[in-house]
12 protein chains.
Amino acid sequence: MRILLANGPNLSQLGHRSPDVYGTASISDIVAAVKRVHDDVDDFVTEYEGALIERLHRARTDGTAAVVVNAGALTHYSYALRDAIELIELPTVEVHLSQIAAREPFRHHSVISAVVDVTITGAGAYGYELAVLAARQLVAARHGAD
Amino acid sequence: MRILLANGPNLSQLGHRSPDVYGTASISDIVAAVKRVHDDVDDFVTEYEGALIERLHRARTDGTAAVVVNAGALTHYSYALRDAIELIELPTVEVHLSQIAAREPFRHHSVISAVVDVTITGAGAYGYELAVLAARQLVAARHGAD
Amino acid sequence: MRILLANGPNLSQLGHRSPDVYGTASISDIVAAVKRVHDDVDDFVTEYEGALIERLHRARTDGTAAVVVNAGALTHYSYALRDAIELIELPTVEVHLSQIAAREPFRHHSVISAVVDVTITGAGAYGYELAVLAARQLVAARHGAD
Amino acid sequence: MRILLANGPNLSQLGHRSPDVYGTASISDIVAAVKRVHDDVDDFVTEYEGALIERLHRARTDGTAAVVVNAGALTHYSYALRDAIELIELPTVEVHLSQIAAREPFRHHSVISAVVDVTITGAGAYGYELAVLAARQLVAARHGAD
Amino acid sequence: MRILLANGPNLSQLGHRSPDVYGTASISDIVAAVKRVHDDVDDFVTEYEGALIERLHRARTDGTAAVVVNAGALTHYSYALRDAIELIELPTVEVHLSQIAAREPFRHHSVISAVVDVTITGAGAYGYELAVLAARQLVAARHGAD
Amino acid sequence: MRILLANGPNLSQLGHRSPDVYGTASISDIVAAVKRVHDDVDDFVTEYEGALIERLHRARTDGTAAVVVNAGALTHYSYALRDAIELIELPTVEVHLSQIAAREPFRHHSVISAVVDVTITGAGAYGYELAVLAARQLVAARHGAD
Amino acid sequence: MRILLANGPNLSQLGHRSPDVYGTASISDIVAAVKRVHDDVDDFVTEYEGALIERLHRARTDGTAAVVVNAGALTHYSYALRDAIELIELPTVEVHLSQIAAREPFRHHSVISAVVDVTITGAGAYGYELAVLAARQLVAARHGAD
Amino acid sequence: MRILLANGPNLSQLGHRSPDVYGTASISDIVAAVKRVHDDVDDFVTEYEGALIERLHRARTDGTAAVVVNAGALTHYSYALRDAIELIELPTVEVHLSQIAAREPFRHHSVISAVVDVTITGAGAYGYELAVLAARQLVAARHGAD
Amino acid sequence: MRILLANGPNLSQLGHRSPDVYGTASISDIVAAVKRVHDDVDDFVTEYEGALIERLHRARTDGTAAVVVNAGALTHYSYALRDAIELIELPTVEVHLSQIAAREPFRHHSVISAVVDVTITGAGAYGYELAVLAARQLVAARHGAD
Amino acid sequence: MRILLANGPNLSQLGHRSPDVYGTASISDIVAAVKRVHDDVDDFVTEYEGALIERLHRARTDGTAAVVVNAGALTHYSYALRDAIELIELPTVEVHLSQIAAREPFRHHSVISAVVDVTITGAGAYGYELAVLAARQLVAARHGAD
Amino acid sequence: MRILLANGPNLSQLGHRSPDVYGTASISDIVAAVKRVHDDVDDFVTEYEGALIERLHRARTDGTAAVVVNAGALTHYSYALRDAIELIELPTVEVHLSQIAAREPFRHHSVISAVVDVTITGAGAYGYELAVLAARQLVAARHGAD
Amino acid sequence: MRILLANGPNLSQLGHRSPDVYGTASISDIVAAVKRVHDDVDDFVTEYEGALIERLHRARTDGTAAVVVNAGALTHYSYALRDAIELIELPTVEVHLSQIAAREPFRHHSVISAVVDVTITGAGAYGYELAVLAARQLVAARHGAD
């Protein structure tokens with residue numbers, strides 16, 4: 001079973017960006033920490049909405065069992081990403097490092113939440129680990145439902 | 001005379017995506033069906049807003065007489081796409097497979113409708129054929145106006 | 001198979017009204033043009049919301065196979081018309097001569113779009129012909145689904 | 001004492017229209033059921049806003065003691081109907097077969113509620129009987145107040 | 001030169017309706033008073049949006065030089081009436097007996113004001129006389145502009 | 001068969017509160033009047049949202065066949081009450097003494113209407129009797145549907 | 001009997017300002033034309049909200065019988081002006097040269113309309129004459145009511 | 001170290017309420033499952049906003065190290081609860097069984113999210129376990145920051 | 001003469017809560033300070049909306065001459081509290097320690113202000129003393145009006 | 001120590017203006033009453049936003065210790081006044097004679113409240129005395145903080 | 001060629017006002033700095049909307065070639081100022097010292113931007129120099145267009 | 001010191017696009033003109049949001065001292081771009097050729113203005129030169145602040 005960690009715009013800059021909000025770990029650090037605990041994780045980072053969509057499409061057929069997605073600010077307007085998440089029909093967990101409800105108003109609304117199974121916000125880098133746990137549970141629940 | 005069928009995000013996944021909404025034909029099937037009737041059609045499919053904009057720019061100078069565009073969910077927020085459509089100044093038909101006014105609220109508003117000549121929604125794959133007919137008529141009307 | 005072309009307020013004045021927006025053909029000219037191509041078309045024109053609703057009710061039982069409706073400005077507020085369209089349960093195509101999304105804000109929203117199968121805007125008089133094609137296809141699709 | 005049951009657009013089609021929402025009884029069936037219990041009831045059905053207004057005007061002088069009105073979808077936009085109800089100054093009960101607050105958003109607001117005495121929604125055909133009871137009580141209360 | 005006074009829903013009930021708001025004169029009284037001063041005035045009263053639209057259409061060709069319209073509550077939602085006023089391209093004066101800006105919020109917005117030349121509100125029955133004066137001036141101004 | 005009349009905040013003060021709006025009868029008077037006609041009625045009055053919710057939970061298992069609820073001003077914001085009404089899955093009638101649509105704007109929206117079967121407003125104390133009739137009919141209809 | 005014509009910001013520039021909207025007459029020309037017909041007219045022009053308010057206060061005690069006010073763009077936000085108009089309790093007519101409902105959205109709402117007796121828009125310079133007629137009629141009506 | 005699981009209105013009814021949305025486990029089942037893994041957990045369930053607030057106040061001084069709160073529908077309007085969460089200044093995790101962003105619009109906004117550290121939605125009963133993990137991590141992080 | 005100081009949710013925690021906003025005095029300290037100056041003051045503190053309503057109801061008959069109320073965050077949504085304040089018909093002063101207009105947007109609107117006589121915000125603990133002064137004046141004014 | 005009472009548009013007309021709302025005392029009467037109790041008070045009244053701003057600027061350097069301001073209707077739109085209040089950095093109390101939250105909607109929002117320390121509404125002329133007390137306390141608190 | 005620097009409310013207080021936002025230079029310092037570089041500059045500072053409007057009117061005929069305007073907070077509501085700018089038909093540059101889009105929401109919208117040629121925000125005192133450069137360029141461009 | 005001119009979607013088409021709005025110069029012409037004056041300028045043009053973000057990221061470490069950005073229509077929705085601008089923490093100037101406040105409503109709001117230092121709109125190609133001047137000044141100011 002493979003779980004995909006898909007990261008969108010500006011997550012490549014973690015560690016450099018407002019450390020008080022996002023912490024000092026880079027996205028590589030975060031992914032590495034997750035992989036130490038979960039050896040079935042793939043990761044992907046891009047600044048391109050189109051590339052993120054293509055990667056999700058590929059997940060439909062490449063053996064990916066579940067998706068953990070941090071879409072960065074695309075979260076707030078990319079209905080194209082939303083469509084991609086919805087059509088691949090895989091268990092999906094949305095994760096945000098910060099508590100987006102406590103930040104600028106434009107960050108309060110996620111256009112993808114309605115089509116993901118689980119959302120986890122504000123837990124920092126640890127949120128990725130919680131997200132993988134949630135994803136694994138979603139996969140188990142689907143199989144249990146068969 | 002060449003007519004460009006330009007398709008945006010997630011249309012590459014037609015046939016896999018909610019068949020009750022979008023039907024079982026792939027975008028290739030749809031394009032092939034159109035081409036059987038209209039032999040002067042070019043097609044283009046991309047997940048990238050930027051690539052769609054570049055393709056439209058090219059249409060301004062490559063002999064394209066009219067454009068049929070299904071921008072997928074970019075329809076609802078891509079003002080950059082809107083600008084591209086407006087500046088190429090070609091007859092343009094917007095087409096959507098589903099009746100977007102009957103779906104989620106965010107699909108009710110198209111940011112490109114105001115700069116296309118004709119919009120056709122809800123006619124499924126057949127909508128592409130109607131769109132090419134409309135495009136052809138628009139070209140004829142422009143020439144007639146000369 | 002009969003297809004009804006139902007026209008609402010002010011369409012009787014086509015030809016006199018802002019020719020730059022609506023063209024110089026009268027509604028009779030447009031209907032005649034459609035009938036030259038499609039000999040199974042009935043037409044109806046009225047300034048009365050009530051009369052339009054009654055005509056649609058009649059279509060439920062008089063052998064009408066599909067409806068093409070241009071409700072004029074009733075499009076933007078007549079929920080009574082919307083109910084009539086919905087309850088007759090016939091394939092329905094909404095048509096507008098102009099590209100309503102490019103005009104005054106009050107014309108951007110159609111209260112009937114959510115209950116019609118297909119909407120075609122901006123194609124001028126030719127839109128009626130496209131609408132009849134779409135209606136015919138809808139009838140065929142329903143029969144094919146039986 | 002006469003009580004007027006005034007029905008607006010599309011109520012003539014009851015029985016044919018979405019039976020899961022509106023039931024299988026026709027408006028004649030409903031009126032007949034009411035008349036079996038209340039022999040002083042007059043009824044009126046029209047698709048025309050203008051005819052409904054004229055009928056209400058007539059009620060001011062023809063001996064009508066109270067009005068029960070189901071304005072169909074005019075409920076949601078006909079300020080002209082609202083004015084008519086307000087000016088006749090008769091006890092008035094608004095009735096809707098379905099629970100409009102549980103349906104599409106445009107049905108949640110009634111422009112006439114503020115000028116009727118009583119509103120009853122969601123009780124189906126039986127709502128007409130409750131409405132006549134309420135109307136009768138309103139008449140009694142007015143007379144008691146003299 | 002003929003000037004048409006066109007009156008919409010519920011104006012037939014003037015005199016009976018809230019005399020503190022509308023006064024005790026009937027619409028006939030008002031029209032008669034106007035005619036005593038202006039002998040080239042035609043009048044029309046209807047409860048039907050459709051009839052009001054038809055009358056306006058007729059004004060385009062029957063020698064009417066200008067229109068004074070009190071659309072009653074249609075003022076607030078009848079875009080079909082707005083279209084009719086706009087397309088006849090005659091000098092038009094909108095009149096309201098009461099000061100609609102001081103009444104319920106739904107009366108604050110007129111959907112026809114943007115397509116009439118002059119609006120006069122709050123002057124009671126005398127507003128009709130002012131409106132005819134304004135209409136006459138508009139006709140003169142147009143002729144002067146020739 | 002038991003029918004529960006559940007009353008929320010400030011209904012205990014009926015008779016003292018704005019008699020022109022709510023009448024002079026106390027809630028005990030109203031309940032007593034209902035019980036004179038319907039001997040299978042239980043009643044409950046509380047100022048506490050929590051207590052009202054607990055009473056509704058109990059109705060799920062204590063033999064209550066239907067609920068008549070006047071939630072007072074909780075009507076306008078208590079989504080917790082709404083959830084309670086929805087989960088007990090009993091026939092429910094919402095009743096308000098006054099015509100809330102004719103009062104302050106905050107009273108125009110009920111957050112519970114969408115999850116009750118029937119709403120009756122403006123009929124004063126008599127509205128409780130109509131509500132019990134409606135509740136009884138709802139119970140009969142459910143049993144008839146078995 | 002004195003009637004005050006009070007003019008606010010930018011009306012001093014009439015004749016220079018967009019002649020297609022406002023005409024070529026200066027405010028002096030307009031006032032002179034009114035005075036030729038009505039010899040009991042005083043006029044006042046200012047760019048200052050404060051000065052306009054002071055002038056209105058003075059009208060309460062200087063023998064002014066009625067006010068005609070064109071507040072320029074203060075119309076759209078000066079609640080202080082509104083208070084001044086309301087407190088002097090004189091018959092007041094609001095006049096605008098252009099049809100403000102047909103111009104930019106910010107001009108569609110007047111914060112003073114609700115506290116004036118009559119509003120006249122779109123009649124150009126002639127609107128001032130109509131306004132004086134209306135003012136005179138308002139004075140007569142008040143006296144008649146004594 | 002004690003972690004408090006605080007549950008608000010209607011959570012006592014889990015298992016009976018829409019099992020497709022909320023699952024078949026009761027709140028006792030869920031708490032028991034959490035306690036099997038985490039032996040330092042206290043739980044609290046109430047229908048009363050006031051009781052929930054009092055319990056949170058107590059947590060400030062009774063040795064509670066962190067709070068996991070599922071406020072039920074109070075989530076959407078109880079600013080009093082928000083204040084209570086904010087003032088106790090303990091690490092707090094908000095949990096919802098369902099994916100509230102995919103349900104009725106009123107459930108899309110949480111008034112407490114901005115004052116909790118972490119929010120987890122849509123993970124069902126397992127969400128409580130993830131929430132305790134998150135709470136434990138928050139406690140560790142605070143101590144680490146000392 | 002008795003004046004009731006009624007305090008709502010979270011005021012019991014004053015002194016512990018954000019001292020920069022609310023100061024370091026507890027509610028007991030504040031009440032004691034008021035009582036040192038005004039010996040006819042009763043106080044009440046609760047976290048329960050229902051208890052606050054019941055206390056206000058009691059004030060109608062227990063000799064309370066005026067009410068000073070700090071409803072905490074209930075201020076922003078409790079229409080039930082508003083109804084209770086309105087129906088007891090006692091002079092009422094709303095007080096808030098902080099300047100709520102300078103804090104989060106949800107605190108800018110008070111649903112009770114429209115039914116209290118006086119509102120005092122931002123004066124800290126001293127605001128309670130000002131409120132009692134205002135209450136005393138209101139009582140005097142009522143008696144003076146007899 | 002000097003305290004400035006600054007009054008804006010239309011307060012000069014107190015006594016003449018709606019005595020039921022504002023009382024019969026003139027602004028001179030009110031100021032005189034305050035001065036009888038507080039001998040260190042300066043007062044200022046103007047109809048001009050600009051003059052009010054200049055007076056506030058002067059207060060920054062003329063020994064004024066605190067400001068009490070009743071900005072009249074400027075309260076609702078004068079962001080220039082707001083800037084003036086904010087930049088002088090003196091303790092400031094906003095006072096309104098009437099309970100503005102109970103009047104027309106445009107009076108419900110004050111654009112200056114967020115930059116004053118204390119707001120007092122609805123206490124009539126006595127509100128000025130309360131305001132001076134509050135101002136004195138603010139000055140004391142600042143000095144205490146030094 | 002003369003360029004007018006016109007400054008509105010509170011700019012006279014620069015240097016004293018929030019130096020972190022506006023810097024420590026006074027408006028005289030800023031104007032002097034501009035004049036050192038551009039010897040054809042006139043300046044004007046006022047707290048009065050009316051005076052600012054009058055100064056702009058004068059610019060139409062006093063040889064002013066272009067205007068640089070910092071309207072202070074009038075920017076956000078003075079439609080009268082907007083009209084003045086529009087009617088003088090001179091090249092106009094709007095300048096703000098701070099980046100208004102990053103401050104309070106009421107500062108995000110300028111009612112004059114739509115009628116000025118150029119807007120420059122956030123460049124501090126140097127913004128005035130950029131504005132004069134822009135103004136000069138606008139004058140050159142107009143002359144070039146002759 | 002290097003200054004980056006970063007250009008987004010459709011700017012590559014300058015010269016072809018609406019010359020009345022944007023002028024006839026191509027983006028190369030504009031950049032060349034800037035470079036003639038400022039020899040330390042780098043430029044970048046792309047249709048891809050992702051590519052623009054990557055270029056900005058690179059600027060953080062490649063010696064770029066300041067950024068001038070014209071994001072095209074991404075200005076109005078690309079929160080991902082906003083995040084990129086914010087995180088690189090370089091002096092940034094936003095430039096638009098046209099006066100966006102005077103065009104379609106969707107162009108009135110920039111989602112990046114709040115995170116750039118300076119915004120310059122409406123100065124055409126010359127705006128790029130002003131922007132480089134502003135950028136240079138910002139760099140100098142930062143160094144001066146060291």
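Residues numbered from 1 in each chain as written. Chains lettered and ligands numbered in written order. Predicted model: local features only at pLDDT ≥ 70, side-chain atom pairs only at ≥ 80, totals over all residues. Heavy atoms only, no water.

## What to know about the relation of the copies chain H and chain A
Superposing the two chain copies requires a rotation about an axis and a translation along that axis.
Okay, so step 1: Overlaying chain H on chain A yields an RMSD of 0.0 Å, the required transformation being a rotation through 180° with an accompanying axial translation of 0.0 Å. Such a turn and shift between the copies fits a two-fold axis. Identified as the residue of chain H closest to the rotation axis by C-alpha distance is I120 of chain H, at 2.3 Å.
Okay, so step 2: The residues that chain H uses at the interface reappear at the interface of chain A in 100% of cases, marking a shared surface. (Least-squares fit on C-alpha atoms with pLDDT ≥ 70 in both. Contact = heavy atoms within 4.5 Å.)

## What about the packing of helix α3 (residues 49-59) of chain H against helix α4 (residues 79-88) of chain H?
All names here are of chain H.
Okay, so step 1: Contact geometry of α3 with α4 gives a least axis separation of 9 Å together with a crossing angle of 5°. Comparing the axis directions of α3 and α4 gives the class roughly parallel. On α4, the residues that touch E49, L52, I53, L56 and H57 of α3 are A80, L81, A84, I85, L87 and I88.
Okay, so step 2: The residue inventory of the contact of α3 with α4, partitioned by class, reads nine nonpolar, one polar and one charged. (Axes fitted to C-alpha atoms, helices over the stretch in contact; angles between N-to-C directions. Helix = DSSP H or I, 4+ residues; strand = E, 2+ residues; numbered from the N terminus. Parallel < 35°, antiparallel > 145°, perpendicular 65-115°, else oblique. Nonpolar A, V, L, I, M, F, W, Y, C, P; charged D, E, K, R; others polar.)

## Brief notes about α4 of chain H
Residues and elements named next belong to chain H.
Okay, so step 1: α4 sits mainly inside the fold: nine of its ten residues count as buried.
Okay, so step 2: On the buried face of α4, the contacting elements are α3, β3 (64-70) and β4 (92-96).
Okay, so step 3: Just downstream of α4, E89 is the residue with a positive phi angle, here 55°. (Buried < 20%, exposed > 50% of the residue type's maximum accessible area, 1.4 Å probe, protein only.)

## Quick word on unusual backbone geometry
Backbone geometry follows two general trends: most residues other than glycine have a negative phi, and most peptide bonds adopt the trans configuration.
Okay, so step 1: Although it is not a glycine, N10 of chain D sits at a positive phi angle of roughly 75°.
Okay, so step 2: Counting through the fold element by element, N10 of chain D comes out in the loop between β1 (2-7) and α1 (19-22).
Okay, so step 3: Here N10 of chain D falls in the buried class, since its relative accessible area comes to 1%.
Okay, so step 4: The backbone of E89 of chain K sits at a positive phi, close to 55°, despite the residue not being glycine.
Okay, so step 5: Position of E89 of chain K among the secondary structure elements: in the loop between α4 (79-88) and β4 (92-96).

## A closer look at the arrangement of the chains
Okay, so step 1: With no contact between them, chain C and chain G keep their nearest C-alpha atoms 12 Å apart.
Okay, so step 2: With no contact formed, the shortest span from any C-alpha in chain D to any C-alpha in chain G equals 20 Å.

## Details of the pattern of salt bridges
Okay, so step 1: Counted by the stated rule, this structure contains 94 salt bridges over all chains.
Okay, so step 2: As a salt-bridge pair, D43 of chain F and K35 of chain F come within 3.0 Å of each other at their nearest N and O atoms.
Okay, so step 3: Classification of D43 of chain F by relative accessible area gives partly exposed; the value is 36%.
Okay, so step 4: Where R136 of chain K meets D40 of chain K, a salt bridge forms, and the shortest distance between an N and an O atom there is 2.9 Å. You can see R136 of chain K sitting in helix α5 (residues 126-145) and its partner D40 of chain K sitting in the loop between α2 (27-37) and β2 (41-45), a full 96 residues away along the chain.
Okay, so step 5: Taken together, the salt bridges that share partners define one network made up of R82 and D83 of chain A together with R103, E104 and R107 of chain B. (Salt bridge = Lys/Arg side-chain N within 4 Å of Asp/Glu carboxyl O.)

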